[in-house]
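A structural walkthrough
Residues per chain are reported as follows:
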Amino acid sequence: MSKAEDPAGAGADEPEADEPGADEFGADEYGAGEFDDPAAVDDTGEAWEAADEALASGALAPAAPALDVDELLDDRDTRIIVCCGSGGVGKTTTAAALGVRAAERGRKVVVLTIDPARRLAQSMGIDSLDNTPRQVKGVEGPGQLHAMMLDMKRTFDEIVEAHADKARARAILENPFYQSLSAGFAGTQEYMAMEKLGQLRARDEWDLIVVDTPPSRSALDFLDAPKRLGSFLDGKFIRLLMAPAKVGGRAGMKFLNVGMSMMTGTLGKLLGGQFLSDVQTFVAAMDTMFGGFRTRADATYRLLQAPGTAFLVVAAPERDALREAAYFVRRLAAERMPLAGLVLNRVHDSGARGLSADRAGAAAENLEEAGIVDQAGGHGVRGATPRSAAGRPSGNPESPETDPSGSPDATDTTDSSDLPLSGSVTSVEQLTAGLLRLHAERMQVIAREQRTRDRFTVLHPEVAVVVVPALPGDVHDLAGLRSVGDRLSTGGASA
């Protein structure tokens, strides 16, 4: 794994969370602040330009080591596999296929998905997935496979119910601000995914947990958002709202009358008086729980750094997807999280690689030009042989009015369907030219994907890669997931 700048060293001179100038919500305490700007981790644009220049000068991309997926799945020390990457690259399908293959090789697996499209349930033959792991039927082999889909609000409710008495839990669950927070506050989904991962690991019912990270604007949200939400819930703003209650009801409000009146008055105008009241009521009820959010976020983060965890960066052979994959590889190194390798999905190939795009295009042009010459000969249909009205080739020594028996007026009884079509040769030429042009286009796609892969390999030659060839259709059942798993197993950097 490539080395990146130590995040602790980068922020060594930053003020502490409680000092003036620190991040308002204390995000810098997690070391996340220095990664808000991608340039702080990797000047991706310049790095890719340098890779382009190296390849353009004739340098050969180093051969990436092959990622052995079966070895990873069979390793009993591997307890968590996290599939991460940008949106639309096949993370959910990859996670599900890994789960199926691991179960059929003897592991007891649970797949945690955050896919809102519910495709995972359909492909596994389950009517629906919810916050409870459900066993998948039809798995062939000695292992077991369970699957679940994160219910963000239900997971938040479970945390409240587990860490508050009944009266306080009811007050929190019925609070309007809490309902908004638990349903869609920025970072809540990612935080709850981490919470659920921690819960599943603590139950110790499965020897392998496969996590499909949330579909986010950026793959890095999975790492950053939980810390930011935890920092918010345990940060200065929340502590400020908690101050009156901690000092003691009305006495506290009198004691802090001037400062709190100014603060609440301003926030009331900005946010609305009822909203501010709901927030303060929520904060008062959650007082004893705020530290727990931060503690659990820290614990799960350490779990992700542990040797039993393996990150798989999933990408497609496209410039943007691989640039974000390269960024994420460096980020994982900076956070000291174990990277197993890169899964490169939907890679195109051809069984006729010996026929280049240029040669295929030239052959197509030759066929088409030959057809144009035939048309110029005045025959009307390119490649057709001139025929008489009776269907016989012109220039036949036998007269059209005379049959072979010599009867001058005999009628030609030949079935017209038995005659070759005048355009049959032309159709073959056109079809062949069209197929050659399709092959030329496919070879151009293959070359473009290879150049993009080479750029990534130049930047990260140490990252193991498994190449998954593109499937002819969508994956919608266990057989399809099994096929993807086979491709994950037999793929390699040389594919």
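Rules behind the numbers
Residues numbered from 1 in each chain as written. Predicted model: local features only at pLDDT ≥ 70, side-chain atom pairs only at ≥ 80, totals over all residues. Heavy atoms only, no water. Helix = DSSP H or I, 4+ residues; strand = E, 2+ residues; numbered from the N terminus. Buried < 20%, exposed > 50% of the residue type's maximum accessible area, 1.4 Å probe, protein only. Contact = heavy atoms within 4.5 Å. Areas by Shrake-Rupley, 256 points an atom, 1.4 Å probe, with all protein chains shown as cover. Pairing = 2+ DSSP bridges. Salt bridge = Lys/Arg side-chain N within 4 Å of Asp/Glu carboxyl O. Axes fitted to C-alpha atoms, helices over the stretch in contact; angles between N-to-C directions. Parallel < 35°, antiparallel > 145°, perpendicular 65-115°, else oblique. Nonpolar A, V, L, I, M, F, W, Y, C, P; charged D, E, K, R; others polar. Expected span 1.5 Å × (residues − 1). Phe/Tyr/Trp six-rings, centres within 6.5 Å; stacked < 30°, edge-to-face > 60°. Core = buried A, V, L, I, M, F, W, Y, C linked by side-chain atoms within 4.5 Å.

**What about the overall build of the protein?**
- The helix and strand tally for the protein stands at 20 helices and 8 strands.
- Buried residues in the protein amount to 44% of all 495 residues.
- Sequence separation of 24 or more characterises 78% of the internal contacts of the protein that already satisfy a separation of 6 or more.
- Taken as a whole, the protein presents about 24,300 Å² of accessible surface, with 52% of it coming from carbon and sulfur.

**Details of the pairing of strand β2 (residues 108-113)**
- Most of β2 sits inside the fold, with 5 of its 6 residues counted as buried.
- Bridge count between β2 and strand β4 (residues 144-149): 6 bridges; the pairing is parallel. Bridging across to β4, Val 110 finds its partner in His 146.
- The pairing of β2 with strand β5 (residues 208-212) spans 4 bridges and is classified as parallel.

**What about unusual backbone geometry?**
- Here the phi dihedral of Asp 204 falls at roughly 55°; this positive angle occurs in a residue that is not glycine.
- A positive phi angle, near 60°, is found at Arg 346, a position not held by glycine.
- Structurally, the position occupied by Arg 346 is in strand β7 (residues 339-347).

**Some details on the pattern of salt bridges**
- Scanning all chains against the criterion turns up 20 salt bridges.
- Measuring nitrogen to oxygen at the nearest pair gives 3.1 Å for the salt bridge that ties Glu 174 to Arg 170.
- Relative accessible area serves as the criterion here: at 57%, Arg 170 is assigned to the exposed category.
- Here Arg 201 makes a salt bridge to Asp 204, at a shortest N to O gap of 3.7 Å.
- Connected via shared salt-bridge partners are Lys 153, Arg 154, Asp 157, Glu 158, Glu 161 and Lys 196.

**Details of the pairing of β4**
- The element β4 is largely enclosed, with a buried count of 5 among its 6 residues.
- Sheet analysis places strand β3 (residues 134-135) next to β4, joined by 2 bridges and oriented antiparallel. Note on β4: the bridge partner recorded for Gln 135 is His 146.

**Re the sheet that holds strand β8 (residues 465-469)**
- Spatial strand order, β3-β4-β2-β5-β1-β6-β7-β8: 8 strands in an open sheet with mixed pairing. Strands with a single pairing partner mark the edges of an open sheet, and in this sheet they are β3 and β8.
- The strands touched by helix α20 (residues 478-490) are β7 and β8; relative to β8, the strand with the most contacts, the crossing angle is about 140°.

**Quick notes on the packing of helix α5 (residues 91-104) against α20**
- The N-to-C vectors of α5 and α20 enclose an angle of 85°; their axes lie 8 Å apart at closest approach. Classified by the angle between their axes, α5 and α20 sit roughly perpendicular to one another. Contacts from Thr 93, Thr 94, Ala 96, Ala 97, Leu 98, Val 100, Arg 101 and Glu 104 in α5 reach Leu 478, Leu 481, Arg 482, Val 484, Gly 485, Asp 486, Leu 488 and Ser 489 in α20.
- For the contact of α5 with α20, a count of residues per class yields 8 nonpolar, 4 polar and 4 charged.

**Re helix α17 (residues 319-334)**
- Across its 16 residues, α17 extends 23 Å between first and last C-alpha, which sits within 8% of the 22 Å expected from 1.5 Å per residue.
- Within the sequence span of α17, burial applies to Ala 321, Leu 322, Ala 325, Ala 326, Tyr 327, Phe 328, Val 329, Arg 330, Arg 331, Leu 332, Ala 333 and Ala 334.
- Positive backbone phi, at 60°, marks Arg 336, one or two positions downstream of α17.

**Looking at the packing of aromatic side chains**
- Scanning the entire structure with this criterion turns up 1 aromatic pair.
- Ring plane angle 75° and centroid distance 5.2 Å describe the contact between Phe 156 and Tyr 178, whose orientation is recorded as edge-to-face. Here the residue Phe 156 occupies a position in helix α7 (residues 152-163), and Tyr 178 occupies one in helix α9 (residues 176-184), the gap between them amounting to 22 residues.

**Some points on the nonpolar core**
- Ranked by internal contacts, the top residues of the largest apolar core, which has 95 residues, are Met 124, Leu 145, Val 313, Leu 342 and Leu 488.
- Beyond its immediate stretch of four places on either side in the chain, Leu 145 contacts Gly 99, Val 100, Ala 103, Val 109, Val 111, Met 124, Arg 134, Gln 135, Val 136 and Val 139.
- Within the second largest apolar cluster, 8 residues are counted, among which are Ala 433, Leu 436, Met 443 and Ile 446.

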